[in-house]
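# Close look at the chain arrangement
Listed below are the residues making up each chain.
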Amino acid sequence: MIIANMKLDTITPIQKYDGIHYKRDDLFAPYGDINGGKVRQTIKILELCKNEPGIVYPASIHSPSPTHFSRVAKEFNIPCIICVGGTKPEHLDKHPMMKICKSFGADIKIVAGHGMKTVISHRAKQLQKDNGYYNPDFSKHIHTHKELMFINAKQVSNIPDNLDVLIMSVGSGIQFANVLKGIHLYKKSVKRVIGICVGPDRRKLIDSYLNDGIEYKYELALTKSAYSKPVKQKIDDFKLDDLYEAKAYKWMLKNIDLNQNILFWCVGRRFFNGME
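A brief structural summary.

Another aspect to go through is the side chain of Ser 169. Mapped onto the fold, Ser 169 is located in strand E6 (residues 163-170). Sequence-distant contacts of Ser 169, that is, excluding residues within four places in its chain, are made with Ile 196, Tyr 244, Glu 245, Ala 248 and Val 267.

Shown next as structure tokens:
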């Protein structure tokens, strides 16, 4: 189920299956395709720079973020360049996220022979300069436009009180920080908030997003699965994201007593446009 034509402040539902609560933020899909909390923030970021001549966004070929920026840029009629590395032009269409970006009208530029974000970002700067375009970097905007945190923090308002455990996958840590902020704002009682890092430990980044003098208590755990290796997981009639959520879910099954009051936060699932 995808809910299209949603407003930014629409509160997505809580559903319960086999005794576990699921925050279905993946149902936020205002255009009927890309989905999840990061879409809200992408919309807000591009509203801030909609008068720019275009955007340049550096990213991993596996990341869903380029599809968000490509799709919202299309909606706003903003030219969009996605900078990646670690692939060849003839292989781009073999990567689902890149194929979708192209279908949304983005121009994909391979700027590095490997996928290191620092190098890709450095080389993207030259494209920005050459075109007079703007980099709508998530981390930069989260630090400079605090309202971006509150957009998704509001989604905590309808989670159950007195949870024993809240589990959430962690990529860059932005969405996880939003949820921690929301738990504080709405005074929710959650004994353990656990972020499952799909990739490196993100504590320093998370703490930098939350740098407001408030003590946020949370735990982080690392998955053993490689970032780019997908894991399949279905819950009742919906699937979890195969790079992030499914790995966090598998960790939960192995490490958490399921006889507790648990909420699993569905951050958003990669959009495949029928290409699974």
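Closest axis-to-axis distance for the helix H1 (residues 37-48)/helix H2 (residues 65-76) pair is 10 Å, and the angle between their directions is 45°. The angle between H1 and H2 falls in the class oblique. In this structure, H1 crosses over H2, and the sense of that crossing is right-handed. Facing H1, whose interface residues are Lys 38, Val 39, Thr 42, Ile 43, Ile 45, Leu 46 and Glu 47, H2 presents Ser 65, His 68, Phe 69, Val 72, Ala 73 and Phe 76. Residues belonging to the contact of H1 with H2 are distributed by class as follows: eight nonpolar, three polar and two charged.

Glancing now at the pattern of salt bridges. In this structure the tally under the stated criterion is 14 salt bridges. Asp 26 is paired through a salt bridge with Arg 24; the nearest N and O atoms lie 2.9 Å apart. Across the pair, Arg 24 and Asp 26 agree in class, each one buried. Salt bridges linked by common partners bring Lys 232, Asp 241, Asp 242 and Arg 270 together as one network.

It is worth spelling out the pairing of strand E8 (residues 219-222) at this point. When a strand is regular, its side chains alternate between the sheet's two faces. As judged from the four bridges shared by strand E7 (residues 190-197) and E8, these two strands associate in the parallel manner. Bridge pairing in E8 places Ile 194 opposite Glu 219. Chirality of the crossover, the property in question, places the unit of E7, helix H8 (residues 203-209) and E8 among those that are right-handed.

Turning our attention to the layout of surface pockets. Think of a ball as big as a water molecule: rolled over the atoms, this probe shows where empty space is left. Empty space within the largest pocket amounts to approximately 920 Å³. Breaking the lining of the largest pocket down by element, the ones donating at least two residues are H1, strand E3 (55-58), H2, helix H5 (138-144), E6, helix H7 (174-185) and H8. Counted by class, the lining of the largest pocket contains 18 nonpolar, 19 polar and seven charged residues.

What counts and how
Residues numbered from 1 in each chain as written. Predicted model: local features only at pLDDT ≥ 70, side-chain atom pairs only at ≥ 80, totals over all residues. Heavy atoms only, no water. Helix = DSSP H or I, 4+ residues; strand = E, 2+ residues; numbered from the N terminus. Contact = heavy atoms within 4.5 Å. Axes fitted to C-alpha atoms, helices over the stretch in contact; angles between N-to-C directions. Parallel < 35°, antiparallel > 145°, perpendicular 65-115°, else oblique. Left-handed = near helix turned anticlockwise from the far one by under 90°. Nonpolar A, V, L, I, M, F, W, Y, C, P; charged D, E, K, R; others polar. Salt bridge = Lys/Arg side-chain N within 4 Å of Asp/Glu carboxyl O. Buried < 20%, exposed > 50% of the residue type's maximum accessible area, 1.4 Å probe, protein only. Pairing = 2+ DSSP bridges. Right-handed = clockwise from strand over helix to strand, strands pointing away. 1 Å grid on protein atoms, 1.4 Å probe; cavity = no way out; pocket = protein on both sides within 12 Å on 5 of 7 lines; lining within 4 Å. Points joined across faces, edges and corners; volume = space filled by probe spheres on them.

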